[in-house]
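Topology and contacts: notes
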Amino acid sequence: MQRIGVFVCWCGTNIAATVDVAKVAETLKSEPGVVFATDYQYMCSASGQEIIKNAIKEHNLTGVVICSCSPRMHEATFRKTVQAAGINPYMLEIANIREQCSWIHKDKEEATEKAIILGRAAIAKVHLNAPLTSMESPVVKRALVIGGGIAGIQTALDIADAGFEVDIVEKQPTIGGKMAQLDKTFPTLDCAACILTPKMVDAGSNDKVNLYTYCEVDKVEGFVGNFKVTIKQKPRYVDATKCTGCGECTTKCPSRKNPNEFNMGFDNRGAVYIPFAQAVPKVATIDPDDCIYMKTGKCGLCAKVCTAGAINYEQKEEFITKEYGAIVVATGYNQIKPTEFEEYGYNNYKDVVTSLEFERLMNAAGPTGGHLLRPSNGKEPKKIVFVQCVGSRGQSCRDKSYCSKICCMYTAKHAMLVKDHYPDVDVTVFYIDVRTPGKNFDEFYRRAVEEFGVHYIKGMVGKVEEEDGVLKVQASDLLANAQIHMDADMVVLAAAIEPDKSARPLATMLTASMDTNDFFTEAHAKLRPVESPTAGIFLSGTCQGPKDIPETVSQASACAAKVIGLLAKDHLLCNPCVAHSNETLCNGCSTCANVCPYGAITYEDRLVMDKGVRETRRIAVVNEAVCQGCGACTVTCPSGAMDLKGFANRQIMAEVDAICR
Amino acid sequence: MKYSYYPGCTLKTKAKELNNYAIRSAAALGIEMEEVENWQCCGGVYTASTDEIATKLSSVRALAQARDKGQDLLTLCSACHNVIKRTNNEILNNEDFSMKVNNYMGSDMQYHGETKVVHYLEMLRDVVGFDTLKSKVVNPLKNKKIAAYYGCLLLRPGEVMAMDDPENPQIMEDFIKAIGATPVIFAQRNECCGGYQTLNDKSIAQSRSEKVVSSAVKQGADCIITACPLCRYNLEANAVTELPVIYFTELLAQALGVKEVQ
């Protein structure tokens with residue numbers, strides 16, 4: 001018989017306001033095997049832990065039940081506590097009476113009864129717990145960063161700085177991401193390229209950083225410390241080791257009607273192209289959908305002009321497999337195309353543009369050389385209307401429910417830059433709220449209003465239509481309670497941002513969780529913001545939620561710190577709650593191996609002694625270093641041979657029995 | 001296919017042609033429209049006050065009668081459609097409203113939202129099908145540039161009416177293509193005509209209607225089609241710019257060759 005101690009936490013008022021904690025402790029005292037029970041304000045605090053340690057020693061406890069918050073919160077804390085007092089950490093069970101009880105109930109009597117039942121279930125389980133010992137697994141001292149925008153670059157540089165090797169996988173032909181497309185950056189108005197391109201060069205030249213551009217992650221196997229990742233190198237049709245980036249091919253290519261993605265389609269590029277002058281690596285790429293030679297077999301001009309002999313139309317995709325200790329997700333965002341927002345006329349009128357398109361129109365390296373011109377007629381606009389929250393903060397199916405966070409500030413920036421370059425242009429911003437929390441942010445917005453005379457009107461635009469080359473804007477002014485009709489030469493839509501489309505399949509590959517908007521979920525919203533709940537997966541930048549550049553860079557560095565902390569270890573303790581098969585029950589049917597998401601199950605022929613008969617049987621064997629203890633095999637096994645240490649079928653049944661008692 | 005049909009007051013008085021051409025065209029397409037017995041006025045517009053029950057009872061009676069016959073309820077006038085469909089939706093989703101309504105209705109006519117409300121245009125699209133309609137057209141309206149005017153009641157609120165995208169509707173344009181004409185897209189097609197403001201403050205209806213008609217004229221439309229008698233009135237009487245405003249059923253009957261048949 002175990003000697004069990006029960007510790008009921010108040011969690012301040014979080015639990016105690018809805019659950020009669022004293023009654024829970026008192027009632028559970030009479031459960032079989034319970035020799036001690038108490039309650040305390042904060043069990044996780046130093047003095048709370050001291051109570052647990054003292055009770056273990058005083059009452060010679062062999063098992064501990066803590067009725068508190070979710071085990072995801074403090075299981076690790078309490079395991080350390082009981083271990084310090086001499087008990088195996090796996091002789092601890094947590095009854096979650098906060099998230100699963102006090103937080104979701106209002107009636108104190110009901111909640112108290114439920115807390116008692118949950119405690120009883122945990123006690124029943126502890127009776128069947130056995131001490132478990134963690135094995136160790138080595139750590140591969142290399143990190144993979146998926147995504148080569150400012151987030152990925154910063155994380156990679158910081159990891160490299162600590163002396164670890166790091167690979168960046170970027171699906172585009174160059175690193176740089178969205179920031180490379182921006183003109184100026186708020187709130188200091190320094191040019192994006194001037195601060196980004198040196199970092200790109202650093203990443204390209206750092207011997208600890210390897211760039212895998214025009215590549216995608218194809219497959220991820222393994223677990224924290226020991227990931228095995230297959231990277232797909234898409235064919236560039238240009239030998240990157242020979243290409244000097246001279247650009248001769250890009251100027252000679254006769255296929256010229258391909259929209260230039262970097263300039264948001266405002267001008268065209270050749271079929272062979274270098275995205276922009278500061279691209280890293282500066283290597284040409286042939287788009288096979290645009291290339292005349294690849295479509296018809298005629299042309300080949302680029303191969304003729306390339307003095308380095310780098311053009312290779314026969315190039316095939318390649319797969320590279322490498323091992324990593326940690327994986328960083330930095331897949332970034334895209335701005336939505338507001339095609340569903342017909343009222344703003346984006347589909348019909350060229351002078352209605354998104355803010356990212358506007359960045360290119362303002363950018364000195366953009367299609368107009370930084371001269372702001374109306375896309376419809378190439379003339380200077382005299383009146384510009386900015387519309388905020390297009391697709392953000394809405395409730396309809398075409399809207400994102402969240403705030404895209406960066407729009408208020410970049411619109412203030414756009415408005416200010418327009419007024420700075422063209423003081424006679426009339427600029428109006430329609431907003432729901434102006435949100436400028438951030439260092440020097442509100443001052444920046446106020447400068448736009450007070451110094452530059454940008455008109456801010458609280459209210460939304462209901463309709464944009466073109467009449468004789470002028471955009472007629474119909475809007476509401478909520479403060480004046482009036483309908484407004486206003487002419488504009490250009491309308492700029494601050495369209496919502498959303499996670500990159502590659503994020504969802506990647507999350508599946510990584511078994512990392514996402515929210516309903518496809519943003520990656522952090523392990524704890526406040527206390528573990530750069531880690532995914534999946535061990536060894538880290539989050540950097542806007543893949544986790546909308547962020548501006550300063551915030552992205554801080555998070556990227558925080559993420560690097562976490563990765564470095566992991567890579568600095570030589571070994572990791574494995575989770576001992578892993579599956580194992582009972583060789584007398586296993587019939588080698590392979591059902592478990594088919595459902596195992598980690599590839600942890602193999603088979604071996606083993607001599608088995610069963611009911612006095614010696615025979616060789618095919619038996620499932622679990623690689624304990626690979627098994628993550630998900631339990632899929634245990635419920636799949638038709639003969640009940642698979643079981644999970646720490647979560648054995650009989651332990652779970654004992655819990656159910658205790659609940660139903 | 002046989003529908004219970006709710007015509008509404010205006011279709012029996014000022015907008016007879018909207019009604020008559022609809023019935024004739026439906027017959028030509030193999031659709032029977034059985035008028036609901038003793039229907040009453042829908043109330044004109046869906047009153048925004050949620051505690052207003054009495055004005056919605058006529059809709060409920062029509063809905064209940066259709067249910068008893070096992071038929072969908074077909075509507076034609078935009079305003080009637082809006083009132084009846086929203087009332088039906090409210091009964092389905094608002095328990096309190098449903099209870100109050102049924103307290104008024106009496107035990108022999110309890111109603112719980114069983115009937116499906118179908119607009120004539122939806123019937124053309126989803127039951128007849130625009131492809132089938134196209135094959136039955138005998139007088140295609142070639143070379144006619146038609147501006148479809150939706151107004152506000154036909155499509156909004158979008159999630160309740162669920163007919164089409166309220167900002168970028170397609171159904172009337174597809175109808176125009178099916179009868180062989182060319183649709184003209186104009187920005188004001190889903191904006192308000194001024195509605196009943198014509199009684200209250202005529203200048204509002206005048207400026208709204210003028211915006212709509214001139215916007216259609218600028219896009220080169222030969223005429224405007226609508227499903228709403230009030231829209232037609234405003235566009236004809238309150239806009240300065242002149243452009244023929246026709247019920248869509250009239251062009252349908254013309255295309256199907258049943259316009260002149262009595």
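Cut-offs used in this document
- Residues numbered from 1 in each chain as written.
- Chains lettered and ligands numbered in written order.
- Predicted model: local features only at pLDDT ≥ 70, side-chain atom pairs only at ≥ 80, totals over all residues.
- Helix = DSSP H or I, 4+ residues; strand = E, 2+ residues; numbered from the N terminus.
- Buried ≥ 20, exposed ≤ 12 C-beta atoms within 10 Å, placed from the backbone.
- Contact = placed C-beta atoms within 7 Å.
- Nonpolar A, V, L, I, M, F, W, Y, C, P; charged D, E, K, R; others polar.
- Pairing = 2+ DSSP bridges.
- Right-handed = clockwise from strand over helix to strand, strands pointing away.
- Core = buried A, V, L, I, M, F, W, Y, C linked by C-beta atoms within 7 Å.
- Domains from an automatic or database assignment.
- Axes fitted to C-alpha atoms, helices over the stretch in contact; angles between N-to-C directions.
- pLDDT = per-residue confidence, 0-100.
- Left-handed = near helix turned anticlockwise from the far one by under 90°.
- Expected span 1.5 Å × (residues − 1).

**Considerations on the overall build of chain A**
- On a plain count of helices and strands, chain A comes out with 19 helices and 34 strands.
- When the backbone C-alpha atoms are referred to their principal axes, chain A occupies close to 90 × 65 × 40 Å.
- Burial statistics for chain A: of 661 residues in total, 45% are counted as buried.
- Pairs at least 24 residues apart make up 71% of the contacts formed inside chain A by residues separated by at least 6 positions.

**Brief notes about the interface of chain B and chain A**
- Listed as interface residues are six residues of chain B and, on the opposing side, six residues of chain A.
- Its residues assigned to classes, the side of chain B that touches chain A comprises one nonpolar, two polar and three charged.

**Quick notes on the pairing of strand β23 (residues 455–458) of chain A**
Residue and element names in this part refer to chain A.
- Pairing between strand β22 (residues 426–431) and β23: four bridges, direction parallel. In the sheet register, V429 faces β23, and the bridge partner there is Y456.
- Handedness of the crossover joining β22 and β23 through helix α14 (residues 441–450) is recorded here as right-handed.

**Concerning the nonpolar core**
- Ranked by internal contacts, the top residues of the largest apolar core, which has 82 residues, are A143(A), V328(A) and V329(A).
- Element by element, the count of residues in this core is highest for helix α16 (residues 549–567) of chain A, at eight residues.
- Each of domain 2 (142–234 + 318–332 + 500–567) and domain 3 (248–305) of chain A accounts for three or more of the residues forming this core.
- Contact partners of V329(A), with chain neighbours within four places excluded, come to I146(A), L506(A), A512(A), F520(A), I537(A), L539(A), S540(A) and C543(A).
- Core analysis: the second largest hydrophobic core is formed by 80 residues, C77(B), L124(B), I224(B) and L252(B) among them.

**A look at the domain arrangement of chain B**
All names here are of chain B.
- Splitting chain B by domain gives domain 1 (2–120) and domain 2 (130–256).
- Each of domain 1 and domain 2 has a C-alpha centre, and the two are 23 Å apart.
- At the junction of the two partners, domain 1 supplies 21 residues and domain 2 supplies 18 residues.
- A class-by-class count of the residues in the side of domain 1 that touches domain 2 yields nine nonpolar, seven polar and five charged.

**Some thoughts on the environment of F647(A)**
Residues and elements named next belong to chain A.
- Relative to the helices and strands, F647 resides in the loop between β34 (642–644) and α19 (649–660).
- Spatially, the C-alpha atoms of F647 and V578 are 8.8 Å apart, while their sequence positions differ by 69 residues.
- Those residues within four positions of F647 in sequence are excluded, and the remaining contacts are C577, G631 and I652.

**What about the domain arrangement of chain A?**
Residue and element names in this part refer to chain A.
- Split by domain assignment, chain A resolves into domain 1 (4–128), domain 2 (142–234 + 318–332 + 500–567), domain 3 (248–305), domain 4 (339–491) and domain 5 (579–645).
- Between domain 2 and domain 4, the C-alpha centre-to-centre distance is 31 Å.
- Facing eleven residues of domain 2, the contacting portion of domain 4 comprises 19 residues.

**Regarding the sheet that holds strand β1 (residues 4–9) of chain A**
Residue and element names in this part refer to chain A.
- The strand order across the open sheet formed by four strands is β2-β1-β3-β4, and the pairing between neighbours is parallel. Edge positions in the sheet fall to β2 (34–40) and β4 (92–96), since each of these pairs with one other strand and no more. Strand-to-strand, the axes of this sheet are offset by a mean angle of 15 degrees, without reference to chain direction.
- Where strand β3 (residues 63–68) lies against β4, five bridges are found, and the strand directions are parallel. Looking across to β4, one finds that I66 is bridged to I94.
- Relative to the sheet, helix α2 (residues 21–28) contacts β1, β2 and β3, its axis offset from that of β2 by approximately 175 degrees.
- The strands touched by helix α3 (residues 46–59) are β1, β2 and β3; relative to β2, the strand with the most contacts, the crossing angle is about 165 degrees.

**A look at the pairing of β22(A)**
Residue and element names in this part refer to chain A.
- Of all six residues in β22, five are buried, a share of seventy percent or more.
- Where strand β21 (residues 383–390) and β22 come together, five bridges link them in parallel fashion. Along β22, the bridge assignment pairs V385 with T428.
- In terms of handedness, the path from β21 via helix α13 (residues 407–421) over to β22 forms a crossover that is right-handed.

**Digging into the environment of I176(B)**
Residue and element names in this part refer to chain B.
- Mapped onto the elements, I176 comes out in helix α8 (residues 171–178).
- What makes I176 buried here is the crowd of 23 C-beta atoms within 10 Å.
- Taking the C-alpha atoms as reference, I176 lies 17 Å from G151; in sequence the two are 25 residues apart.
- Residues within four places of I176 in sequence aside, it is in contact with I146, A148, A181 and P183.

**Thoughts on the environment of I150(A)**
All names here are of chain A.
- Relative to the helices and strands, I150 resides in helix α7 (residues 150–161).
- Taking the C-beta count within 10 Å as the criterion, I150 has 29 such neighbours and is therefore assigned buried.
- Along the primary structure I150 and T552 are separated by 402 residues, whereas in three dimensions their C-alpha atoms are 7.7 Å apart.
- Not counting residues within four places of it along the chain, the set of residues in contact with I150 comprises G177, M179, L196, I549, T552 and V553.

**Observations concerning the sheet that holds strand β3 (residues 73–75) of chain B**
Residue and element names in this part refer to chain B.
- Taking strand neighbours across the sheet as the criterion, the four strands line up as β2-β1-β3-β4 in an open arrangement whose pairing is parallel. The outermost strands of the open sheet, each flanked by one partner alone, are β2 (32–35) and β4 (117–119). This sheet shows a mean twist of 45 degrees between the axes of neighbouring strands, independent of strand direction.
- Sheet topology note: the β3/β4 ladder contains three bridges and is parallel. Of the residues in β4, the one forming a bridge with T75 is H119.
- Lying over the sheet, helix α5 (residues 120–128) contacts β3 and β4, oriented at roughly 90 degrees with respect to β4.

**Observations concerning the confidence of the model for chain B**
- Model confidence for chain B is summarised by a mean pLDDT of 93, while 97% of its residues fall at 70 or above.
- We note a pTM of 0.81 for the whole complex and an ipTM of 0.71 for its interfaces.

**A closer look at the packing of α13(A) against α14(A)**
All names here are of chain A.
- As a packed pair, α13 and α14 sit with axes 9 Å apart at the nearest point and diverge in direction by 35 degrees. In this structure, α13 meets α14 at a crossing whose hand is left-handed. Contacts from M409, A412, A415 and M416 of α13 reach α14 at F441, F444, Y445, R447 and A448.
- Classifying every residue of the contact of α13 with α14 gives eight nonpolar, no polar and one charged.

**Quick word on unusual backbone geometry**
Residues and elements named next belong to chain A.
- Residue P187 is bonded to the preceding F186 through a cis peptide linkage, with omega at -5 degrees.
- With respect to the helices and strands, the residue P187 is situated in the loop between β8 (184–185) and β9 (190–191).
- Of note, the phi angle at C11 is positive, near 50 degrees, even though the residue is not glycine.
- Its location among the elements puts C11 in the loop between β1 and α1 (13–16).

**A closer look at helix α1 (residues 16–28) of chain B**
- When the terminal C-alpha atoms of α1(B) are compared, their 18 Å separation across 13 residues agrees well with the 18 Å that a helix rising 1.5 Å per residue should span.
- Burial in α1(B) covers these residues: L18(B), N19(B), Y21(B), A22(B), S25(B) and A26(B).

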